[in-house]
Amino acid sequence: MTAATLHIAAPTFAERAGLRLAAAITAHVRRRIQRRVERRALALDLLREQQSRKADPCLLEQALQLIGSRSR
């Protein structure tokens, strides 16, 4: 093989630039996906926590007494 043949087989500047651009876009999209997954997991955790909280009956009794209402 001659040096000219090896040079032709190598990727051109435009091809290398295109590959770098594609890699940068892929990395950006993956970071966005990861952030969205983290936000979704946090939102689901908060929702589960809110739904699992039980109302404290003592708080209701105290609130009723504060406004001068009778207890249940």
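No experiment lies behind these values; they were computed from the predicted model shown.

## Topic: the overall build of the protein
- Each helix and strand counted, the protein has 3 helices and 0 strands in total.
- Along the chain direction, N to C, the helices and strands of the protein fall in the order α-α-α.
- Burial status across the protein gives 1% buried among its 72 residues.
- Accessible surface, the protein as shown: approximately 7,000 Å² in total, 62% of it carbon and sulfur.

## Let's talk about a positive patch on the surface
- Taken together, the side chains of R31, R32, R35, R36 and R39 define a basic patch exposed on the protein surface.
- When you line up the elements, R35 lands in helix α2 (residues 13-52).

## Examining the pattern of salt bridges
- Under the defined criterion, the tally for this structure stands at 1 salt bridge.
- Of the charged contacts, one joins D45 and R48 as a salt bridge, the two residues approaching to 3.2 Å between their closest N and O atoms. Note that D45 and R48 are positioned in helix α2 at a spacing of 3 residues, about one turn of the helix.

## Section: a nonpolar patch on the surface
- A contiguous nonpolar patch, built from L21, I25, V29, I33 and V37 and spanning about 430 Å² of accessible area, is present on the exposed surface.
- Along the chain, the position of I25 falls in helix α2.

## Some words on the confidence of the model for the protein
- Per-residue confidence for the protein gives a mean pLDDT of 85; residues scoring 70 or more make up 85%.
- Taken element by element, the predicted model of the protein shows its lowest mean pLDDT in helix α1 (residues 3-9) (64) and its highest in α2 (94).

Analysis parameters
- Numbering of residues begins from 1 in every chain and follows the order in which that chain's sequence is written.
- This being a predicted model, a pLDDT of at least 70 is required before a residue's local features are given, and a value of 80 or more before pairs of side-chain atoms are given or counted; all residues contribute to the totals for chains, interfaces and linings.
- Only hydrogens and water are set aside when side-chain values are computed; all heavy atoms of the structure are taken into account.
- The way it works is that DSSP assigns letters per residue, a run of H or I at least four long becomes a helix, a run of E at least two long becomes a strand, and they are numbered from the N terminus.
- Only protein chains enter the accessibility calculation, which uses a 1.4 Å probe. A residue is then buried if its area is under 20% of the maximum for its type, exposed if over 50%, and partly exposed in between.
- Note on areas: these come from Shrake-Rupley sampling with a 1.4 Å probe, and a residue is covered only by the protein chains present in the view.
- Patch membership is restricted to residues that have no salt bridge and whose relative accessible area is over 30%. Joining uses 9 Å for like charges and 5 Å for the nonpolar side chains Val, Leu, Ile, Met, Phe, Trp and Tyr.
- Salt bridges are counted wherever a side-chain nitrogen of Lys or Arg sits within 4 Å of a carboxyl oxygen of Asp or Glu.
- This count recognises Lys and Arg as positive and Asp and Glu as negative, with His and chain-terminal groups excluded.
- Taken as the charge location is NZ of Lys, CZ of Arg, CG of Asp or CD of Glu.
- pLDDT measures how confident the predictor is about each residue, on a scale from 0 to 100.

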